[in-house]
Structures are given as structure tokens and as C-alpha cells.
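The lines below spell out each chain.
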Amino acid sequence: MATNSFTTESELERNLINQLTNGISQWTYRDDLNTEEKLWENFKEKLENNNKDVLNDVNLTEQEFHQIQNQLNFANFYDAAKWLAGENGIAKVQVQREDASLGTIRLKVLNRADIAGGMSSYEVINQFISFKQDSDDRERRFDVTLLINGLPMIHIELKNRAHSYMDAFRQIKKYLVQGKFKGIFSALQMFVISNGTDTRYIAAATDTNLKEPFLTKWVDGTNQPVTNYLEFAQQVLSIPQAHKMVTQYTVIDSKRKGLILLRPYQIHAIEAVKEASRRQESGYVWHTTGSGKTLTSYKVARNLLQIPSLDKTIFIVDRVDLDQQTTASFSSYAEHDVIEIDETDNVTKLVNKLLSNERTVVVTTIQKLNHVMKRYEGKEESSKYKKLTQVKMAFVVDECHRAVSPQKKQEIERFFRRSLWYGFTGTPIFAENARAALGDLARTTEELYGKRLHEYTVKEAIHDKAVLGFQVEYKSTFSDYELDILLKKLNPDVELSAMSNQEKEALIPKQVYQNEEHMLEVIHSIINKSRSKLGFPNGVGNTYNAILTTSSISQAQRYYDLFKKVMDNQTDVKIGKRTKSVLPDFPRIAITYSISENEEASLENQRQMAEAIQDYNKMFHTNYSVAEMKAYNRNVNDRLARKQEKYKFRKEQLDLVIVVDRLLTGFDAPSLSTLFIDRPPMKPHDIIQAFSRTNRLFDNSKHYGQIVTFQTPKTFEEKVTEALILYSNGGENEVLAPTWKETKKTFQEAVHELRMIAETPEEVDVDDSNIPALKKFAKAFQVFDRSLATIKVYSEFEPELLEEQYGLTNEVIEEYHGRYVNVIEFLKIPPIDEVDPIEIDIEYELESVRTDEINYEYILMLIQAFVPSNDASSKFEEIKQNSNEVDSYINDLGRGNPRLAELMKKLWNDIQEHPEDYRGAQVSTLLEDMIQETTQSLVKEFSEKMGLKPDEFQYVVENYNPSKKRQNGEHELKRTSDYEIYKQSSEQPVKKLTYWKEVREQFTDLIEEEILPLQKR
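Attention in this report is confined to the structure presented alongside it.

Thresholds, definitions, all that
- Residues numbered from 1 in each chain as written.
- Predicted model: local features only at pLDDT ≥ 70, side-chain atom pairs only at ≥ 80, totals over all residues.
- Heavy atoms only, no water.
- Helix = DSSP H or I, 4+ residues; strand = E, 2+ residues; numbered from the N terminus.
- Buried < 20%, exposed > 50% of the residue type's maximum accessible area, 1.4 Å probe, protein only.
- Contact = heavy atoms within 4.5 Å.
- Areas by Shrake-Rupley, 256 points an atom, 1.4 Å probe, with all protein chains shown as cover.
- Axes fitted to C-alpha atoms, helices over the stretch in contact; angles between N-to-C directions.
- Parallel < 35°, antiparallel > 145°, perpendicular 65-115°, else oblique.
- Left-handed = near helix turned anticlockwise from the far one by under 90°.
- Nonpolar A, V, L, I, M, F, W, Y, C, P; charged D, E, K, R; others polar.
- Salt bridge = Lys/Arg side-chain N within 4 Å of Asp/Glu carboxyl O.
- Pairing = 2+ DSSP bridges.
- Polar contact = N/O pair within 3.5 Å; in protein donor to acceptor, adjacent residues only side chain to side chain.
- Phe/Tyr/Trp six-rings, centres within 6.5 Å; stacked < 30°, edge-to-face > 60°.
- Lys NZ or Arg CZ within 6 Å of the ring centre and 35° of its normal.
- Core = buried A, V, L, I, M, F, W, Y, C linked by side-chain atoms within 4.5 Å.

**Some points on the overall build of the protein**
The helix and strand inventory of the protein stands at 41 helices and 27 strands. Within the protein, the fraction of its 1017 residues that count as buried is 54%. Long-range contacts, defined here as pairs at least 24 residues apart, represent 73% of the contacts in the protein between residues at least 6 apart. In the structure as shown, the protein presents an accessible area of about 45,800 Å², 46% of it carried by carbon and sulfur atoms.

Below, the structure is given as C-alpha cells:
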């Protein structure tokens, strides 16, 4: 049978280079630049050409250029991005000239605005050779890299169509772990991966921060996907687009210490707003909540400064947002940009900013603009009034319906007569849900801001994996039968048989949902039925958090008190053993709501909030009070969002926050997985806003934004359906996860399919003679594993069901898992002429079968938090109190993998003793070096002892497969072995007849007990 023939990687490379360099192109192919030495020479030449005036005809000496190389050898890609941001958009290097009379000079390297002309040059290289850095290393060849002004900016890794594009992603991660992107390659800003058919891009990051969920597919201006590598190259990697991607469409996030590359719909929105402003037209952008709307609006405000006809850009945020997340986000984004956040109450300062000639973005609130207008009432003849009213400005409004009312916008437009307005919303107001009529004021988003300039709906965002879908469970704390009895009791004359469920639910009195019995059922569901929803299988430190929203402040307070009673064992509801076995301190809860001095209940609300804040202070060793509500709320937000390193430690984490309306709009917390709703259905836009708190991308285990409702299930389902139809452009099926019934059926089918192939695990025999059968089993087990992980998330799932209905005990599942692992190891090295009719994912990561081993990457992440970075010397001091948590995890790891734990502990102890020695270092790379060094040492020592050639034994180690009887390279190892050397070095040598058997047994033990455990990640 003929095998499939695939386009080779080298041909893909050639086609890509041709696409980039042919036609109207500014890319030049440089096949001569294939080593780091040649790249530096090329960069030096460009640097000197672009700075002839500063160099004054005296070219750089070797020592001077060495100074530059040191400056451009960045510790990480984030540092490179900060440098690239430059001074007013120009990245420079500083040189102390050897000739003292020439002094110190600054040379321009790259101008962000100098696109497709001026000093900018664009080159393509391929097959760059990354030489071995030491005896343990290997020579590597990179695929295609794009240089701007001689610096590598975009690296492209290709695989042919016989492989998944994810193989290219894993290749990049491997290069990162091996420390290959150093030196001149440390300036990289963007990775592109492709197998020709599927192409993705991602911002450059360290290996532990380069996460699969953030791989981005390109879409065109109408949100149609562009996945073919040549079409992608045409739309994204051409000039000027490639230059813009790594300069204008990047955001440096100082809080996360990382680089953000905008997604395509964000880029299209920016361009659409810029085009509208050139036409002097206003408009609005509809980007679904959760898709990075605040970031998009920030970049729009920033990019509008490029329009010469505009004097100022004013970014308007709601006062509450300014107090909460927007200020933090903008501060984080704007640290290396021309953005000014106006947090003062000084109106004069704001007026001066509006009248200044500085081209900056001013971030302020509607309240502050109101004060400006009031100051000039009756002063229409003053020069300042006249100047202010003539300033040509663009107003950018995030959450445009909440931040500015139609009436207030009308007032501002009358004052600032030459203004353009750009509103951003995830939930536009359409004719179907228009505001109530009030004079001639606008009732819809289009009436208020103008035409829609760009849209990106929730359906499109889920399809592109920019956000997650929703899994909604509609629950009731009483049965239909109990509902009928209740309604009969309240109204004996009611004819229940003639009523729909919705009609019945409309008759339920509010107090039914306010009694303690109902509330305890809700609490039981949260603490004992939502473990999978909250990520308990991920282990300590990696769980998710949740919000519980109620209908009133008093109800929120009652829930808070009732949770405390449950935790103190004062109710019939108990925290189950399964919950406590993972998180003994669960749940860590907080409460937050608005305190108004004008409300009658204000004093009582303040008293209860004061008690809750004291509980919070005790739990987290903080020191807040009711007088510092703004600071308390900000800390709750930060703790729930977990974007800072210190909140990745379990002892700093919140599990649940009880709210009324706070945090249900404009709040971004990727680690928040679930929204529990114990209140009546909201309006369509409020439903989408609230749901969208949960569906941010986070990790591979978070599959949906999860919502659980506890009131009027049929009514709630109807309202959710209406909202999703309205906000997903005519169809909700792609938005919602399958129901419990559908998921259970899928699981039953997966179990049946697995059992048809192997009734018991023992029937799976790893054997060369029946590879198709092994592939069928592997495929079936992957489907079973995925469906088991999915079914576990639903509240209806009970672990006992597996054994009662399917005969699947934990032992049986683990046995199937063990056989599956062996099969995959065996299939990783298939016969050369094997036809592959069954597609299986060799790199599939099991989702449902978890062990108690501590997550390797999690420990590395915790240790990394203790390494001083180049721009945050205080970080180590700030979080070193959490060192006990790292010790605990390493000890736990030691019980399952003592070899790996021993190396990790050694590195960890040294980092604690000498933190400055590790400043800017990457822990994963350091540990990988230690693992390679240890492996090489074991190989060398064993080879000397047993009379083996080290290179031949190294080959066997690298290709070892536990499920194979004979190892690759074993024949050559035996042929080159030397019994006499072994005999001389051994105190009790075996006879020559049994020598090879002894070698084989010992190298098997060595590899499986000493070396393979080091490779378990």
C-alpha cells in the first residue's frame, strides 16, 4: 500500500520565502546570514549606516560594538520590548567611545513610526545554525526568521502537513527551555507556528508563560479565518503589517511582566476607528465582553494621536472603573507609553492638560469633565473658554453606556464643539432592547455614537477561541412537585395543569428564595458539588475562584454569615471530605457591596462590612477598614484576578466573593471560572455582562465559563436564550456547552466504544503485530478521557455513578490509563513504512486521569517569583514569606519523584541563599541545565563502569521506550561494548557469557529509576 506523500518542510520554507520576497515587497532574502556572528556583523553594518551623522565618520571599534552587544543581550523578551518602546518610539543604544574626546553617543536602532521607509530595512533568513553551547548541548537549525534593521523580530517554526501545527509550538518551547533564543535572538517579539494548513501567532514569552490557549488565529476584516501559511504571510507578515505587529500592535504589560500581541479583531477595530477619524466621523465598536475590549480601546486612544487633525484624545471611564481595574490596567500598559491618568480632583490641572500642546492621552471621568464645564458657565467671553471649546479632540469611551448617559454626552458635545466620539461596548443597545423614550435623547448605541465601525460577537470570539463558551446549569432547590404543593397552598383555586413552568415560576413569592433552607442548599451546591467547576483536580494553587451574586445587600450579608456558620460546623450542611482533602481551608470568602451614606440601612451596612473586613484582615494579614473601602475593593479585585505573582500562592488566594452588582461588569479575572446566581433573571445586556466574567482564557483545564442559577430555572433559561440570540448575531448553539443529558449520552457512547475495543485493560497488549488495533485503542481512550473530564464538571455528576452504571472503578480507569501510556510510548516510534489510517494525537495530555503528583510547572512558577527581575528588585522581599509553600510542594514532589525533587531543592536553596546571583534568570532553563548535566554524568559514569561507548549509550537513553523489548541503538551499543574494560573496573565481574545480560539489566534499572524520573514534567 502506498504511503501518503507530504510537502517537505524545506519546500514549505522556500514557498514562504518566495511569498515574502516576491511582488511588491520590501523583504530581502539573505541566505548568507546563518550564524550569530554573521547576524551581528550585518546588524553593525546597518547601525553604522543609520547613524553616520552621530558617528561622524568614525566607525565603531570592536570594544565599542561589544558594549552594544551586551545591551542587546536581553534577560527576557519583556525587557527587549521595553527597550524597543524607546524614547518617543525610537529604540537606542549608548556607547562610551574608546577615544575619550568623542565622548558618549546614542545610536538609533529602530523607529516604531518609521514604517516601510527611512532607516528601516527588512530581511528574511532561514536555517540559522544555533551551535552547541557546551558538550551536553546539540546544534539546532531554526526555520525562518524575519529581521527588522538586522534584529530578529519574528520567528517562524514550520512543520509539514504530516504533523500538527502544535508540534511547531512544542519545538519553540523546547528551544526556550534549552536557552536557544539568546544573544541577538533575545530581541524576538513574536512567534509564528504553522504546518502549512493551520497557522497561529503568539507574543514571545518564556517557556512557562508561553501557553497554548493564547495561540491566535488570524481573521480578516469580516472575521473570516485565515489559516493557510501563505495567505497568513500575505496579510500579517508583509510590510508594513509585520512592522506594525511588533511595534504598534504590541502592549507591554508591566504588571504581568509580559508582552501582549493584539488579536486580529482588535487590530481591525483600531484601523476602522482611525479611518473614521480621518473622515471626521464618530462611531462605535462592538466587541464582546471578555475579548480584551479595554485593551483595544486603550490602543485606539493611543493610535488616534497619529492623526494630525486631532489635538487631544480623552479616554473616559466610569468613576467606579477608575477606582477598580481600569486605572490598574492603564497604569500597567502605559508605563512605557504617552498616557496620562488624571486621578486628581484638581480641575485646573485638567484644564491645563486639555490646553497643552503635549500629544498625550488623558484618562479621566465624566464627573471631572462636568466640573470643567461648570467652571466656565457664564464665562463664554473668556479666552480659556474659547480655546477649550475649539480643541479638536476625540473622546474614547470604554463601557460606553455605563460611563456616559445620552444627556451628559449631549452637554459635552455642546461644550467641546469640535469633538469626535468612539464608544466601546460588549453589549450594544439595539431597537429590541432600546432605552425608554425621553425627549429627543438617543435610545440605541447607533443613535448615541453613530455607525458601527467594527463588530466581534460572542459567537465569533468563541469560534476563534478568544474567549470560552458558556456552560449554564439551571437549578432549583425544590422539585416541581414541591412547587405545585406550594402554589396550591398559596392559592387553592389555581389550575396548575393548565399552566406552563414559566407561569408557575412567576407566582413564586420572593421570600421562598430568602429562607435559610434554600440558602443552605445553594451553599451545599457551591462547596460540595462544584469541585470540578472550581478546578480541584488541578491541585493546590491551581484551583479557580467564583462569584456568588444575590438580589440585595441584605441577602448578600445573610449569605456571608451563613457561610461562616457552615465553616464553623453550626449547620446541617457540612464541608465534605472530598472538598477538604484538596483544600482544607476551603472556602476562603469575601463580600463587597456599595455603601451609600444616604441610605437608611447605611449604618447597618457599614457595621456589617466592617466585620467582614476584619475577617478579611485576619485571613490575609491586611489592615483595611470601612474608611478605606476603595483600597479594600482593589485588593479583593487583585486577589480574585490573580494576575500578580504573589496571588499564585494558595495562602493568598480567594475562592468566592459574594456581591450584588459589583464585579459583574468590566472586571477581568482569568482565574474566575464560575458565577453562581441566586437572584431573578437580569436584562439581556446584564446577563451577557455578568456571564462574561467567567469566560476568560486561563489554562488548558478551563474549558467553559460556568454559570449556575438557583431561581426560576425555566424562566432563566428563556431569558438567557433571548440574550444569547441578541448578542451572538442570531444563534446561540455555538455559545452554550452541551446539556447534562447530551454530555451523559456522549460519555456513554465513549465508554461503549472503549469497551468494544478492549472489554478490560488486560486485553490491551503492546505488540508489534497489531499496530492498527493499538491505534484504535489509543483513539478510543482519548475520546473517553476527554468525555470523562467533561462530565465531571456538571453538578449532576456523582463519582459513584461510574462504578454503579458503568463498572468503572478508579483502579480500572487507572489500569486503562497505564495501558494507554504504554501504547503511546510504543507508537511514538512507528515502522518507517507504516500507513497511518487512524489519526491519534501522540502529544494528547490526559485530562481526567490525574495523579496526586504536584504540578511541575506550578513549582517552577512559584520559585520564579523569588528570582529578582531586572526591573523589580523588591519582588523577592515582597513575597519571600511564602517560601514555606515552595518547601511543602517540593517535599510532596519528593514522595513521588525523589530524583527530580532533589535537583529542584538544590536549585531552590541556592536561589534563596544567593538571589542576586540569579537576577533575570529563567528557573526552567536553569533546572533543565541541571537535569541534562546530571543525565550526562550518569551516562558517563555507567559507560566507564560497564565498558560502553558513551555516545552509543547516550543514543539508547535518548530513544528509550519502556514498552519495547529491544531498544533503538541497542545492537550498536552491544557491538561496541568492551568486556575487558568492564572486568578491570568491576570488583565482582560476571562471566563473559552473562556480561551483556548484566549490562542490559543494569542500564534498564538506571534509565527507568534514575534518568526517566528526571524527564517527568
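**Brief notes about the packing of helix α13 (residues 347-355) against helix α15 (residues 383-390)**
Two elements in contact, α13 and α15, have axes whose closest approach is 10 Å; the angle formed by their N-to-C orientations is 60 degrees. Between α13 and α15, the crossing angle belongs to the class labelled oblique. Crossing of α13 over α15 shows left-handed handedness. Mapping the contact onto sequence places Val351, Asn352, Leu354 and Leu355 in α13 and Lys384, Lys387 and Leu388 in α15. Per-class residue counts for the contact of α13 with α15 are four nonpolar, one polar and two charged.

**Section: the pattern of salt bridges**
Enumeration according to the criterion identifies 37 salt bridges in this entry. Between Asp32 and Arg30 there is a salt bridge, with its nearest N and O atoms 2.9 Å apart. For Asp32, a relative accessible area of 37% corresponds to the partly exposed category. Between Arg650 and Asp655 there is a salt bridge; the shortest N-O distance is 2.9 Å.

**Details of the sheet that holds strand β7 (residues 144-148)**
One open sheet accounts for six strands, arranged β1-β4-β7-β8-β9-β10; its pairing is mixed. The sheet is open, and its two edges are formed by β1 (27-29) and β10 (199-203), each paired on a single side. Averaged over all neighbouring strand pairs, the angle between strand axes comes to 25 degrees, with direction disregarded. With five bridges connecting them, strand β8 (residues 151-158) and strand β9 (residues 190-194) associate as parallel partners. Looking at the pairing, His155 lines up with Phe191 of β9.

**Overview of the side chain of Ser419**
Mapped onto the elements of the fold, Ser419 is located in strand β20 (residues 419-425). A residue is classified by how much of its surface remains accessible, and Ser419, at 16% relative accessible area, is buried. A distance of 3.0 Å separates a polar side-chain atom of Ser419 from the backbone oxygen of Phe416. A polar side-chain atom of Ser419 sits 3.2 Å from a polar atom in the side chain of Trp421. Those residues within four positions of Ser419 in sequence are excluded, and the remaining contacts are Met393, Phe395 and Glu413.

**Some points on the sheet that holds strand β23 (residues 545-550)**
Ordered by their spatial adjacency, six strands build an open sheet running β22-β27-β26-β23-β25-β24, and the pairing between neighbours is parallel. The open sheet is flanked by β22 (469-474) and β24 (589-591), the only strands paired with a single partner. When strand polarity is set aside, the average angle formed by the axes of neighbouring strands in this sheet is 20 degrees. Here strand β26 (residues 672-678) pairs with strand β27 (residues 704-709) via four bridges, running parallel. By the bridge assignment for β27, Thr674 is matched with Gln706. Seen against the sheet, helix α28 (residues 713-727) touches β22, β26 and β27 and runs at an angle of roughly 160 degrees to β22.

**A short note on the packing of helix α37 (residues 923-946) against helix α41 (residues 992-1015)**
Interaxial distance between α37 and α41 falls to 11 Å at its minimum, and their mutual angle equals 170 degrees. The angle between the axes of α37 and α41 places the two elements in the roughly antiparallel class. Of the residues in α41, those in contact with Ile931, Thr934, Thr935, Leu938, Val939, Phe942, Lys945 and Met946 of α37 are Tyr995, Glu998, Val999, Gln1002, Phe1003, Leu1006, Glu1010, Ile1011 and Leu1014. Broken down by class, the residue content of the contact of α37 with α41 amounts to eleven nonpolar, three polar and three charged.

**Regarding the packing of aromatic side chains**
Taken as a whole and assessed by the stated rule, the structure comprises 48 aromatic pairs. We note Lys409 situated over the ring of Trp421; from NZ or CZ to the ring centre the distance is 5.2 Å. Its guanidinium or amino end placed over the ring of Tyr449, Lys409 lies 5.4 Å from that ring's centre, counting from NZ or CZ.

**With respect to the environment of Arg278**
Turning to its location among the elements, Arg278 is positioned in helix α9 (residues 264-278). Taking C-alpha positions, Arg278 is 9.3 Å from Leu310, a pair spaced 32 residues apart along the chain.

**Some points on the nonpolar core**
It is characteristic of soluble globular proteins that their nonpolar side chains tend to be buried jointly. The biggest cluster of nonpolar side chains holds 109 residues, and the ones touching the most others in it are Phe43, Ile68, Ile154, Phe181, Met190, Phe191 and Leu237. Non-local contacts of Phe191, meaning those with residues more than four positions away in its chain, are made with Phe77, His155, Ile172, Leu176, Phe181, Arg200, Tyr201, Ile202, Ala204, Ala205 and Leu210. Core analysis: the next-biggest nonpolar cluster, separate from the first, contains 105 residues, Phe416, Tyr593, Ala612 and Val636 among them.

**Considerations on unusual backbone geometry**
Looking along the chain, the bond that leaves Ile239 and enters Pro240 is cis, with omega of 20 degrees. Following the sequence through the fold, Pro240 ends up in the loop between α7 (229-236) and α8 (241-247). The omega angle of the peptide bond from Phe586 to Pro587 is -5 degrees, so this bond is cis rather than trans. With respect to the helices, strands and loops of the structure, Pro587 is situated in the loop between α24 (577-582) and β24. In this structure, His621 is a non-glycine residue whose phi angle is positive, near 60 degrees.

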